[in-house]
Amino acid sequence: MSAAKRKKILTVNEALDLLEELDDVKDLYIEPPDVSNLTDEDSGPEDEGTVFHPESLSGNQLLAPAEFRASRREEDEEEEEDEESLVEQNETRKKPTRKKRKVSETSAKIKWGKNKGTAAQAGFFPEVNCSKYRDFNFVELFELFFDEEILAHMKEQVTKYCLMKNWPDICVSINELKVFLAILIVSGYNSLPSQSMYWSYDPDLHNKAICDAMRRDRFDSIKKCLHFNASTDQDKNDKYTKLRPLITHLQEKFMEHFIPSQCISHDEAMVKYFGKHGCKQSIRNKPIRFGYKIWCQNTTSGYLHAFDPYQGKTYKGDENMESDLGKAASTVMHLIGGYSDSAKVLPYHFFFDNFFTTVPLLVELAKRGYDGTGTIKSNRLDKTCPLPSVAQIDKKERGAVSSVSGKVHSKEIKVTRWKDNAVVTVCSTLHGENPTGKAKRWSKKDNKHVQIDIPKAVQVYNSNMGGTDRMDQNINAYRIGIRGKKWWWCLFTWMVDAAIHNAWQIARSRGTNIDQLMFRREVAMAYLFMYKVEPKAQGEGSFLYLVLKK
């Protein structure tokens, strides 16, 4: 396939016509069509499967952009930055080329020099104190986040939503909402192909706890009418306005019950979603490629204490902060702005990857009494930095390291470049090259494991950066399995999972030896047995059950 055909932006209709003529196409990438409106209605039955066929595509889908991807050699594949949402990509193509970002005043004032090799000391941080939660049972820990206040709000909004839709009021109670949440939690560790199977009386599917706690039709009614902001006067500038009351509530509760930990990682989490929404992201080389992006700050163990969903490139945040630090780096300061007054005085140490790290961000953190460490891209260091280039370090043996430091506004910034399998550059306000440690690596030349030098900055970064990834791993292990067609459903279930994950983290931090699965089961079964509403009469069950009964 020629380079011209690879680069040309085709429509889906044109791509399907050319598909049979090309022999080196790895796959066909199809962007979703532009979304003209956002609906709160279900788009169809969730249990019906779909099979792709060109004749089944609508007119908007056939006119959507498409791209051929040819097979590439392994050495041509490079790490790519996060892409903006697919809707924003269409707008970007129409705009002129991006202007070169000007060097910030902070970078221009740095006076670089050789690193003196002295090891910095972190500020005093108090020991973890979990005595406040020592006598809480598992249900009470979960209700620290999904408390009576948010459940009462959900009940009120269900009534308003029924009135707005001119439907009969389903008169849901708080106890029924607890049972509803419990059924969702059960679906995370007891997965079935379809929602209705949880109420089946077939011997191989029957779930007595769920069948005795709530009828299937009642669950469907609550799910259909569930709402969090049924007001007709919604903030049109907020793309998550339908979920904003729940998001705000959990943001406050997660921070309120945050047990201070010095090392905090700032990263992005993805919530899987394949429907239509202007905030949906497409990020290559990620386990979850399509979905909503959420900025998160987690402890090393994975507790989520600050988060905020990404609203797209057009969202206007703190413009002054974005111009000084960069759009990605400003998200770090935005989440820090939600800390309580007591938490602001503690010397936290923040970790982030090269998507967020800039020198002005580290200077801003230092001004506020915090430390920061992160990998940094070479083009984010000014040309006056005397650090050897990536190409120069790459020619040396594995374990080669070079470090420099610079001062700006009496704040010291240390930059360390180290060669592992690839060249890594770490920028920190606290750690540099020394004291160096040892890392175990496999040597092809010697055909055995060898010990190589590793800088202190890289050691600390590797040990503390994975908090958000650990949270993702824990949540996705028992992700709520009941699906919905409303655009906000996956975000709602993700927040339920995040709440129960945080409750489990508190239980572990106080010394309770329990795994996440057992914790989820304890909470779900407590709700199902305490608040169940037994049916007046048993349903007829499935045809298979009646046959076996005879």
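Residues numbered from 1 in each chain as written. Predicted model: local features only at pLDDT ≥ 70, side-chain atom pairs only at ≥ 80, totals over all residues. Heavy atoms only, no water.

Novice: Would you mind going over the overall build of the protein with me for this structure?
Specialist: For the protein, the helix and strand inventory stands at 21 helices and 15 strands. Taking all 550 residues of the protein together, 48% fall into the buried category. Looking at the protein alone, contacts between residues at least 24 apart form 70% of all its contacts between residues at least 6 apart. When the accessible surface of the protein is split by element, carbon and sulfur atoms take 49% of a total near 29,400 Å². (Helix = DSSP H or I, 4+ residues; strand = E, 2+ residues; numbered from the N terminus. Buried < 20%, exposed > 50% of the residue type's maximum accessible area, 1.4 Å probe, protein only. Contact = heavy atoms within 4.5 Å. Areas by Shrake-Rupley, 256 points an atom, 1.4 Å probe, with all protein chains shown as cover.)

Novice: Before we go on, may I ask you to explain the packing of helix α8 (residues 174–189) against helix α19 (residues 489–509) in this structure?
Specialist: Helix packing for two helices is described by the angle between their axes and how far apart those axes are. One can describe the packing of α8 onto α19 by two numbers: an axis separation of 11 Å at closest approach and a directional angle of 85 degrees. The angle between α8 and α19 falls in the class roughly perpendicular. Here Phe 180, Leu 181, Leu 184 and Ile 185 of α8 lie close against α19, whose contacting residues are Trp 489, Phe 492, Val 496 and Ile 500. Classifying every residue of the contact of α8 with α19 by side-chain character gives eight nonpolar, no polar and no charged. (Axes fitted to C-alpha atoms, helices over the stretch in contact; angles between N-to-C directions. Parallel < 35°, antiparallel > 145°, perpendicular 65-115°, else oblique. Nonpolar A, V, L, I, M, F, W, Y, C, P; charged D, E, K, R; others polar.)

Novice: Looking at this structure, how should I read the state of the cysteines?
Specialist: Tallying each qualifying case throughout the model produces zero disulfides. Free of any disulfide, Cys 427 has its nearest cysteine sulfur in Cys 385, 8.4 Å distant. (Disulfide = S-S within 2.5 Å.)

Novice: What exactly am I supposed to notice about the pattern of salt bridges here?
Specialist: Side chains that differ in sign of charge can pair as their charged atoms come close. Per the stated rule, a full pass over the model turns up 18 salt bridges. Asp 238 is the partner of Arg 244 in a salt bridge, and the nearest nitrogen-oxygen pair spans 2.8 Å. Across this residue pair, the class does not change: Arg 244 and Asp 238 are buried. The salt bridge partner of Asp 420 is Arg 441, with a shortest N-O separation of 2.9 Å. A residue pair is termed long-range when its members are at least 10 positions apart, and Asp 420 in the loop between β12 (411–419) and β13 (423–428) and Arg 441 in strand β14 (residues 437–443) qualify at 21 residues. (Salt bridge = Lys/Arg side-chain N within 4 Å of Asp/Glu carboxyl O.)

Novice: Can you help me understand the packing of α19 against helix α20 (residues 516–530) in this one?
Specialist: It is at 10 Å that the axes of α19 and α20 come closest, and there the two elements cross at 110 degrees. It follows from the interaxial angle that α19 and α20 lie roughly perpendicular. In the crossing of α19 with α20, the sense of the turn from one axis to the other is right-handed. Two secondary-structure elements touch here, α19 through Asp 497, Ile 500, His 501, Ala 503, Trp 504 and Ala 507 and α20 through Gln 516, Phe 519, Arg 520 and Val 523. For the contact of α19 with α20, the residue count by class is six nonpolar, two polar and two charged. (Left-handed = near helix turned anticlockwise from the far one by under 90°.)

Novice: Help me understand the side chain of Ser 443 in this model?
Specialist: Structurally, Ser 443 can be placed in strand β14. Within the structure, the side chain of Ser 443 is placed 3.2 Å from the backbone nitrogen of Asp 446, a separation counted as a polar contact. Discounting residues that sit within four places of it in the chain, Ser 443 has contacts with Lys 448 and Val 450. (Polar contact = N/O pair within 3.5 Å; in protein donor to acceptor, adjacent residues only side chain to side chain.)

Novice: Could you clarify how one ought to interpret the packing of aromatic side chains in this entry?
Specialist: Each aromatic ring pair is characterised by the separation of its centres together with the angle its planes make. Counted under the stated rule, the structure contains 30 aromatic pairs. Ring plane angle 45 degrees and centroid distance 5.2 Å describe the contact between Trp 199 and Phe 219, whose orientation is recorded as tilted. Here the residue Trp 199 occupies a position in the loop between α8 and α9 (208–213), and Phe 219 occupies one in helix α10 (residues 216–225), the gap between them amounting to 20 residues. With respect to class, Trp 199 is no different from Phe 219; both count as buried. (Phe/Tyr/Trp six-rings, centres within 6.5 Å; stacked < 30°, edge-to-face > 60°.)

Novice: Which parts of the structure should I look at to understand the environment of Trp 295?
Specialist: Positionally, Trp 295 belongs in strand β7 (residues 290–299). With relative accessibility at 7%, the residue Trp 295 sits in the buried group. The spatial distance from the C-alpha of Trp 295 to the C-alpha of Thr 468 is 9.5 Å, given a sequence separation of 173 residues. When residues no more than four places from it in sequence are discounted, the contact partners of Trp 295 are His 266, Asp 267, Glu 268, Ala 306, Phe 307, Asp 308, Tyr 310, Thr 331, Leu 335, Phe 355 and Phe 356.

Novice: For this particular structure, what's the right way to read the nonpolar core?
Specialist: Among soluble globular proteins, nonpolar side chains are generally buried collectively. Counting residues in each nonpolar core, the largest one holds 122 residues, and the members touching the most others are Phe 307, Phe 492, Trp 494 and Phe 519. The element contributing the most residues to this core is α19, with 14 residues. Once residues within four sequence positions are removed from consideration, Phe 307 is found in contact with Ile 247, Leu 250, Gln 251, Phe 254, Ile 294, Trp 295, Cys 296, Leu 335, Trp 494 and Met 495. Judged by nonpolar contacts, the second largest core, of seven residues, contains Trp 418, Val 426, Ile 452 and Ala 457. (Core = buried A, V, L, I, M, F, W, Y, C linked by side-chain atoms within 4.5 Å.)

Novice: Would you mind showing me how to read helix α7 (residues 148–164) here?
Specialist: Because an α-helix completes one turn every 3.6 residues, residues spaced three or four positions apart along the sequence face the same direction. A rise of 1.5 Å per residue sets the reference length of α7, with its 17 residues, at 24 Å; its end C-alpha atoms lie 24 Å apart and thus fit the reference within 8%. Within the sequence span of α7, burial applies to Ile 150, Leu 151, Met 154, Gln 157, Val 158, Tyr 161 and Cys 162. For α7, the arc enclosing every buried residue in end-on projection is 135 degrees, short of the 170-degree limit, so these residues lie on one face. Of the exposed residues in α7, the ones pointing more than 90 degrees away from its buried face are Glu 149 and Leu 163. (Expected span 1.5 Å × (residues − 1). Arc of directions from axis to C-beta.)

Novice: Where do I start with α20 in this structure?
Specialist: With 15 residues, α20 ought to run about 21 Å at 1.5 Å a step, and its terminal C-alpha atoms sit 21 Å apart, in line with that. All buried positions along α20 are accounted for by Gln 516, Phe 519, Arg 520, Val 523, Ala 524, Tyr 527 and Leu 528. Mapping the buried residues of α20 onto a view down its axis gives an arc of 160 degrees, with all of them on the same face. Packing partners of the buried residues in α20 comprise α6 (138–142), α8, α9, α18 (467–477) and α19.

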